[in-house]
Amino acid sequence: MRSKTWGDAVYSGVVYAFLIAVLLATFYPFWNVLILSVNSASDTIRGGIYFWPRELSFTSYREILTDNEILHSVGVTVARTLIGTPLTVLVISLLAYPLSNRELVLRKPVTLYFIFTMYFSGGLIPYYMILKGLNLIDSFWVFILPGLMNVFYMILIRTYIEGLPGELVESAKIDGANDLHIYFRIILPLTLPVLATIALFTAIGHWNAWFDSYVFTYNPDLKTLQAVLVKILNQYQTGSMVSDAQKMADSAKRLAVSSDTIRMAATMVATLPIVLVYPFLQRYFVKGMTLGAVKS
Amino acid sequence: MNTAANTAALRPKTTPKAGGKPGGIGRRLRQQKMLWLMILPAFVCTLLFSYGPLFGLYMAFINYQPGGPFLESFFKSEFVGLQWFEYFFTNGDFWIIMRNTLAQSLLSLLFGFPAPILLALAINEVKSGAFKKIFQTVSYLPHFISWVIAANIIITLLSSEGLVNKVLMLLHLTDEPIAFFQNGHYFWWIIASSNTWKDMGFNAIMYLAAIASINPELYEAAKVDGASRLRQMMHVTLPALKPTIVILLILAVGGVLNAGFDQQYLLQNDLVLQYSDVIDTYTYRYGLQNGMFSYASAVGLFKSVVAFILVLTVNRIAKKVNDQSLF
């Protein structure tokens, strides 16, 4: 081992300083929301809370966890995640298997039929019209059906299948198994790692989706957590146009919780599942992303 | 990693046939009816939700009046040709929308493109596995949260009581808290830095993968030559990243019209609309909020066509560059 030179030491210092700065810039905003959400609302209004809660209080959490609108929206979000995720994974992987078969008649044009949709879309308004024509506006299924297909994920699974030993499929065919059998008995179990990755990505997508609920549904019973959070955010933004004096007066009236701490607590509730889930994804998506890049 | 390297060898093999084609297409289709059954669900979904809207683009060429049964009003509406496009290009909004879209995209690119490269280079210098792991886990987090959550966080940070104003005041860069969301001049910068904050950790993955594939002997050789770590980075790591950088930059330029929707929609308000409005938020506001369906469809179609041409062009360029860099 050579001893470190002075230049290398400076270089290391700069590198670590940069990384720690990035780490703080990434982490602090979440910390900020967390401490604001657990600080008493009447105290938060005085400002100056940056690193530590001053008056610990979980009132805002109690408030939102007993709020019917928020509880119901969590239910809708969980429902769409639990129903949408397996269906999406099934539809995509059912497609990936035939498209990985080099002997499929019309394989090229069929593949192109799907790939084309990655590059050209009709835009929001015609899309809305189609949803309307299919009676999906203001229906729970607007959360599920349009998301069943995803070309990028299909390519990931197809690439994965193409990497499996072909002999397995061949010998099953000789034993007289049909393609559906082969898919469920051989392909599905073997592709589980990539399917799990895609399932987690899809689940996160469902959890995070707000636009479909916010725009394509009117029924308050169909609002997802993120859509309710958008509503809270909008109220806050309209509120911030009001003068500070007005705000003080408003908050004096409602000492226990201000809309601001509620907003922070709701943000934390929406973030928490993501924080719990994505670190487990890490080793998969790194592989998946680079694999997809190689192919496309 | 057997997946990338030798896929060809492992693919289900075609048994060599004398005449090339095993029977007629009809017979093969019948043999493959199970496969077609498996394609069907995805085929129908794509037909309805991806190709359906393409037929709906007819909307851009008629004067659609909402109200009444949907299909009826659709087919009974007057055909107006390119009138909506003409209106878009001449009413003055076009320039504002394009300016905002391009400014936000390019500013985001200016910050957001080099950031993951720097990050990957820096992570590569870290020897401690634990630090590396913690760093990467934390730096991916913003990518996985929704823009709704991100907007909530960003608005809090930039509020008059937020940390950003606090720091600016401590540094005496401003005497009064800056009202970031009441003056349009800040908006482009807010979007660019938000985009960078949200995705730089995640986007570093591509570069880290490229770095991982560098032959360690190159570093050994550089060390023997007495190269410092800075020089190793400059002369070994960076050149190895060049192909990835070039390809990703070309592809990023192809997406300039996709300045986003979520971040603008969630962070904007009426006071900053002149600077925040991009093509997608404009389409949304005119189409779904103001009910000008045909006009908004035309604007959307304009964007789709230009974006399509851009993507095809940059893909072709990327392919060429890729081929060249191989030799």
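Under an unreviewed UniProt entry, the name given to chain B is Putative aldouronate transport system permease protein, and the source organism is Paenibacillus methanolicus. According to the UniProt record, the Sequence similarities (unreviewed entry) comment for chain B is "Belongs to the binding-protein-dependent transport system permease family." One UniProt comment on chain B, placed under Subcellular location (unreviewed entry), says "Cell membrane".

If you look chain A up in an unreviewed UniProt entry, it shows as Putative aldouronate transport system permease protein from Paenibacillus methanolicus. The annotation that UniProt attaches to chain A under Sequence similarities (unreviewed entry) is "Belongs to the binding-protein-dependent transport system permease family." Reading the Subcellular location (unreviewed entry) entry of the UniProt record for chain A gives the comment "Cell membrane".

**Q** Help me out: how do you make sense of the overall build of chain A in this one?
**A** Per the secondary structure count, chain A includes 14 helices and zero strands. Expressed as a percentage of the 296 residues in chain A, the buried residues total 53%. Relative to all contacts within chain A whose residues are 6 or more apart in sequence, the contacts with residues 24 or more apart total 70%. When the accessible surface of chain A is summed, it comes to about 13900 Å², and 67% of that surface belongs to carbon and sulfur atoms.

**Q** Sorry, what's going on with empty space enclosed by the protein here?
**A** A probe matching the size of a water molecule, rolled over the atoms, marks out where space remains unfilled. A full pass over the atoms with the stated rule returns two cavities of 30 Å³ or more. The calculated volume of the largest cavity comes to roughly 80 Å³. Residue lining of the largest cavity: twelve residues in total, with Ile161, Leu164, Pro165, Val169 and Ile187 of chain A positioned closest to the centre. Those elements giving two or more residues to the lining of the largest cavity turn out to be α4 (68-100), α8 (166-174) and α9 (179-190) of chain A. Residue classes in the lining of the largest cavity are distributed as ten nonpolar, two polar and no charged. Counting only elements with at least two residues in the lining of the second largest cavity, the list comes to α1 (6-37) of chain A together with α9 (129-144) and α12 (187-212) of chain B.

**Q** Looking at this structure, I do not really get the UniProt feature "domain: ABC transmembrane type-1" (unreviewed entry) in chain B. What am I missing?
**A** In this structure's numbering, the residues bearing the UniProt feature "domain: ABC transmembrane type-1" (unreviewed entry) are residues 98-314 of chain B. Within residues 98-314 of chain B, the helical portion is 76% and the strand portion 0%, while the C-alpha atoms at the span's ends are 20 Å from each other.

**Q** Hey, could you run me through the pattern of salt bridges in this one?
**A** Oppositely charged side chains can form a pair if their charged atoms are brought close together. Residue and element names in this part refer to chain A. For the structure on display, the rule yields eight salt bridges over all chains. In this structure, Glu162 and Arg158 form a salt bridge, with 3.9 Å as the shortest nitrogen-oxygen distance. Here the residue Glu162 and the residue Arg158 both occupy positions in helix α7 (residues 151-162), the gap between them amounting to four residues, near one helical turn. Both residues of the pair, Glu162 and Arg158, count as buried. Here the salt bridges do not stand alone but share partners, grouping Arg107, Arg158 and Glu162 into one network.

**Q** Please explain the domain arrangement of chain B as it appears in this structure.
**A** One frequently used descriptor of interface size is the decrease in accessible area upon assembly of the parts. Residue and element names in this part refer to chain B. Under the domain assignment, chain B is made up of domain 1 (25-81) and domain 2 (91-322). Taking both sides of the interface into account, the surface hidden between domain 1 and domain 2 amounts to around 550 Å²; carbon and sulfur atoms contribute 74%. When the buried area of domain 1 at its contact with domain 2 is split by residue, Leu57, Met59 and Ala60 rank highest and sum to 60% of it. At the boundary of domain 1 with domain 2, the tally comes to zero salt bridges. Remark: the boundary between domain 1 and domain 2 carries three residue pairs in polar contact (both at pLDDT 80 or more).

**Q** What's the story with the environment of Ala222 of chain B in this structure? I'm lost.
**A** Residues and elements named next belong to chain B. Along the chain, Ala222 turns up in helix α13 (residues 216-224). On the basis of relative accessibility, which here comes to 11%, the residue Ala222 falls in the buried class. Between the C-alpha atom of Ala222 and that of Val305, which follows or precedes it by 83 residues, the distance is 49 Å. Apart from the residues within four sequence positions on either side, Ala222 is in contact with Ala227, Gln232 and Val236.

**Q** Is there a simple way to think about helix α10 (residues 192-208) of chain A in this case?
**A** Note that an α-helix has 3.6 residues per turn; residues three or four places apart therefore point the same way. Here α10 of chain A contains 17 residues, and its C-alpha end-to-end distance of 24 Å stays within 8% of the 24 Å for a straight helix at 1.5 Å per residue. Among all positions of α10 of chain A, only Val194, Leu195, Thr197, Ile198, Phe201, Thr202, Ala203, Ile204, His206, Trp207 and Asn208 of chain A are buried.

**Q** Where do I start with the interface of chain A and chain B in this structure?
**A** Listed as interface residues are 106 residues of chain A and, on the opposing side, 104 residues of chain B. Of the roughly 9700 Å² buried at the junction of chain A and chain B (both faces included), carbon and sulfur atoms supply 75%. Counting the contacts that link chain A with chain B gives zero salt bridges. Across the chain A-chain B interface, the total number found is 20 residue pairs in polar contact (both at pLDDT 80 or more). With 19 residues, α1 of chain A is the largest single contributor of residues to the side of chain A that touches chain B. In terms of residue class, the side of chain A that touches chain B is built from 73 nonpolar, 22 polar and eleven charged.

**Q** Would you mind going over the packing of aromatic side chains with me for this structure?
**A** Given two aromatic rings, their pairing is described by the distance between the two centres and the angle made by the two planes. Using the criterion set out here, one finds 59 aromatic pairs over all chains in the structure. When the centroid spacing of 5.1 Å and the interplanar angle of 80 degrees are considered together, the rings of Phe211 of chain A and Phe261 of chain B count as edge-to-face. Of this pair, Phe211 of chain A sits in helix α11 (residues 211-216) while Phe261 of chain B is found in the loop between α14 (229-254) and α15 (262-267), placing the two residues in two different chains. You can call Phe211 of chain A buried: its relative accessible area is 17%. Arranged with centres 5.3 Å apart and planes meeting at 25 degrees, the rings of Tyr278 of chain A and Phe144 of chain B form a pair that is stacked. With Tyr278 of chain A in helix α14 (residues 259-295) and Phe144 of chain B in helix α9, the pair connects residues from two separate chains. A network of ring pairs unites the aromatic residues Tyr127, Tyr128, Trp210, Phe211, Tyr214 and Phe216 of chain A together with Tyr64, Phe261, Tyr265, Tyr284 and Phe293 of chain B as a single cluster. The ring centre of Tyr236 of chain A lies 3.8 Å from the NZ or CZ of Arg263 of chain A, which sits over that ring. Its guanidinium or amino end placed over the ring of Trp147 of chain B, Lys198 of chain B lies 5.2 Å from that ring's centre, counting from NZ or CZ.

Cut-offs and rules
Residues numbered from 1 in each chain as written. Chains lettered and ligands numbered in written order. Predicted model: local features only at pLDDT ≥ 70, side-chain atom pairs only at ≥ 80, totals over all residues. Heavy atoms only, no water. UniProt positions renumbered as here; feature names shortened; annotations may be inferred. Helix = DSSP H or I, 4+ residues; strand = E, 2+ residues; numbered from the N terminus. Buried < 20%, exposed > 50% of the residue type's maximum accessible area, 1.4 Å probe, protein only. Contact = heavy atoms within 4.5 Å. Areas by Shrake-Rupley, 256 points an atom, 1.4 Å probe, with all protein chains shown as cover. 1 Å grid on protein atoms, 1.4 Å probe; cavity = no way out; pocket = protein on both sides within 12 Å on 5 of 7 lines; lining within 4 Å. Points joined across faces, edges and corners; volume = space filled by probe spheres on them. Nonpolar A, V, L, I, M, F, W, Y, C, P; charged D, E, K, R; others polar. Salt bridge = Lys/Arg side-chain N within 4 Å of Asp/Glu carboxyl O. Domains from an automatic or database assignment. Buried area = accessible area lost by both parts, 1.4 Å probe. Polar contact = N/O pair within 3.5 Å; in protein donor to acceptor, adjacent residues only side chain to side chain. Expected span 1.5 Å × (residues − 1). Phe/Tyr/Trp six-rings, centres within 6.5 Å; stacked < 30°, edge-to-face > 60°. Lys NZ or Arg CZ within 6 Å of the ring centre and 35° of its normal.

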